[in-house]
Amino acid sequence: MSTTSLDCSGLNCPLPILRLSKAINSVGAGDRIELIATDPGSIKDVQAWTNQTGNTLIESRQDAQRYTFVIAKGRQ
Amino acid sequence: MTKSVRHKLSAAERRSLIVHKAIELFAQQGFRATRVKDIAERVGTSDALVFQHFPTKRDLYDAILDELCARRHFTEVEQLLYYAPEYDVEDVLQRLSTWVMEQTEAEPAWLRLTLYAALEQDDGAADLIDEHFQRIIDYVAYEVAEGQHSGKFKAGDARLLARDFFAGLLGLSVMRTVARDPRYRLDPPRAAATVHVATFLRGIRTHEGESGNEV
């Protein structure tokens with residue numbers, strides 16, 4: 001299992017999800033992406049996206065205006 | 001004794017009313033010409049109460065931005081982008097452009113605020129408009145850069161091209177909604193958006209990226 005970091009600081013939605021989607025396609029099942037974003041809209045978007053795409057949101061934390069999400073790729 | 005049926009506004013309702021009345025006034029007469037006193041009168045309250053909700057003009061701008069924010073209405077396009085991995089860029093740009101035109105026709109205040117911000121060179125107002133439009137320009141720049149990377153689009157400054165795309169769309173909306181020029185209103189938003197997107201893509205597609213669709 002590997003973790004890839006994806007820094008989307010300064011990007012507005014929909015870009016963090018588009019980049020996340022692209023990044024998840026390039027890793028294997030069970031691998032993780034650590035996404036960093038600054039758009040508050042990303043909280044709702046990442047949750048909804050992981051729910052609907054069969055990936056798993058392992059961790060979600062906020063530090064001031066910086067949001068960090070750890071997503072594990074599903075087996076689909 | 002007869003009970004009063006007058007509804008006393010909650011703080012949230014009053015705040016929302018102030019924002020709506022401020023949008024109306026800013027769109028009618030510009031940012032500079034609109035005083036807090038005018039907004040208070042339109043709401044039927046005092047200057048002090050408006051200041052209580054919005055201590056600075058910037059706070060009011062931010063609230064207006066929230067109200068007009070693209071995110072609230074961007075859902076259909078985002079859903080397509082998020083959950084249709086093989087989405088067609090031309091289709092997405094058409095939906096996005098249709099959305100911009102429909103929104104500006106449904107809420108003409110949106111464009112009028114943009115024009116006043118430009119005319120008055122008001123930094124706060126310009127920031128408001130920047131934030132409002134930036135999301136769309138950023139997205140278009142992303143797609144242009146992706147297309148360039150895959151060889152479908154010609155090389156060039158992706159952000160500049162995205163701004164050109166958006167400026168054309170905005171100009172079209174101004175002629176349709178603010179100028180209300182009938183020559184720009186012959187087609188419904190969807191048809192006008194289709195032509196705008198096709199023209200833009202024709203200009204940046206490489207031979208490899210040509211779809212063969214002619215408009």
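### A closer look at the overall build of chain B
Summing up its helical and strand segments, chain B has 10 helices and 0 strands in all. Walking chain B from its N terminus toward its C terminus, one meets helices and strands in the order α-α-α-α-α-α-α-α-α-α. By residue count, 46% of the 215 residues in chain B fall in the buried class. Here chain B has roughly 11,600 Å² of accessible surface; of this, 53% comes from carbon and sulfur atoms.

### A closer look at a nonpolar patch on the surface
A cluster of nonpolar residues, Leu-115, Leu-119 and Val-178 of chain B, forms a patch on the protein surface that exposes about 260 Å² of accessible area. With respect to the element layout, Leu-115 of chain B can be found in helix α7 (residues 109–120).

### Considering the packing of aromatic side chains
Each aromatic ring pair is summarised here by two numbers: the centre-to-centre distance and the angle between the ring planes. All names here are of chain B. All told, the structure shown has 8 aromatic pairs over all chains when counted by the stated rule. For the pair Phe-26 and Phe-31, a centre-to-centre distance of 4.8 Å together with 40° between the ring planes defines the contact as tilted. Using a relative accessible area of 0% as the deciding quantity, one classes Phe-26 as buried. A relative accessible area of 0% means that Phe-31 is categorised as buried. An angle of 85° between the planes, with centres 6.4 Å apart, marks the rings of Trp-99 and Trp-110 as edge-to-face. On the criterion of sequence distance, the pair formed by Trp-99 in helix α6 (residues 89–106) and Trp-110 in helix α7 is long-range, its members being 11 residues apart. Trp-110 gets classed as buried once you look at its relative accessible area, which sits at 4%.

### Things to note about the domain arrangement of chain B
Residues and elements named next belong to chain B. Segmentation of chain B into domains returns domain 1 (11–67) and domain 2 (69–204). For domain 1 and domain 2, the distance between their C-alpha centres works out to 28 Å. On the side of domain 2, 16 residues touch domain 1, which itself brings 14 residues to the contact. Here domain 1 packs against domain 2, burying approximately 1,400 Å² in sum over the two surfaces, 58% of which is carbon and sulfur. Looking only at domain 1, the three residues that lose the most surface to domain 2 are Ala-27, Phe-31 and Leu-65, adding up to 42% of its buried area. Seen at the junction of domain 1 and domain 2, the total is 4 residue pairs in polar contact (both at pLDDT 80 or more). Elements represented by at least two residues in the side of domain 1 that touches domain 2 include exactly α1 (11–29) and α4 (57–68). A total of 6 residues in the side of domain 1 that touches domain 2 trace back to one element, the largest contributor, which is α4. Looking at the side of domain 1 that touches domain 2 residue by residue, the class counts come to 7 nonpolar, 3 polar and 4 charged.

### Things to note about the pattern of salt bridges
In total, this model carries 15 salt bridges over all chains according to the counting rule given. Note that Asp-45 of chain A and Lys-44 of chain A form a salt bridge whose closest N and O atoms lie 3.5 Å from each other. Judged by relative accessible area, Asp-45 of chain A falls into the buried class, the value being 4%. Among the salt bridges present, the one from Arg-35 of chain B reaches Asp-38 of chain B, with a minimum N-O distance of 2.8 Å. In the salt-bridge network here, residues are joined through shared partners; they are Glu-34, Glu-59 and Arg-61 of chain A.

### Examining helix α2 (residues 41–53) of chain A
All names here are of chain A. For α2, built from 13 residues, the straight-helix expectation of 18 Å at 1.5 Å per residue is met to within 8% by its first-to-last C-alpha distance of 18 Å. Among the residues of α2, Gly-41, Ser-42, Asp-45, Val-46, Trp-49 and Thr-50 are the ones counted as buried. Mapping the buried residues of α2 onto a view down its axis gives an arc of 140°, with all of them on the same face. Of the residues in α2, the exposed ones pointing more than 90 degrees away from the buried face are Lys-44, Asn-51 and Gln-52.

Rules used in this analysis
- Residues numbered from 1 in each chain as written.
- Chains lettered and ligands numbered in written order.
- Predicted model: local features only at pLDDT ≥ 70, side-chain atom pairs only at ≥ 80, totals over all residues.
- Heavy atoms only, no water.
- Helix = DSSP H or I, 4+ residues; strand = E, 2+ residues; numbered from the N terminus.
- Buried < 20%, exposed > 50% of the residue type's maximum accessible area, 1.4 Å probe, protein only.
- Areas by Shrake-Rupley, 256 points an atom, 1.4 Å probe, with all protein chains shown as cover.
- Patch = residues over 30% accessible without salt bridge, like charges linked within 9 Å, V, L, I, M, F, W, Y side chains within 5 Å.
- Salt bridge = Lys/Arg side-chain N within 4 Å of Asp/Glu carboxyl O.
- Phe/Tyr/Trp six-rings, centres within 6.5 Å; stacked < 30°, edge-to-face > 60°.
- Domains from an automatic or database assignment.
- Contact = heavy atoms within 4.5 Å.
- Buried area = accessible area lost by both parts, 1.4 Å probe.
- Polar contact = N/O pair within 3.5 Å; in protein donor to acceptor, adjacent residues only side chain to side chain.
- Nonpolar A, V, L, I, M, F, W, Y, C, P; charged D, E, K, R; others polar.
- Expected span 1.5 Å × (residues − 1).
- Arc of directions from axis to C-beta.

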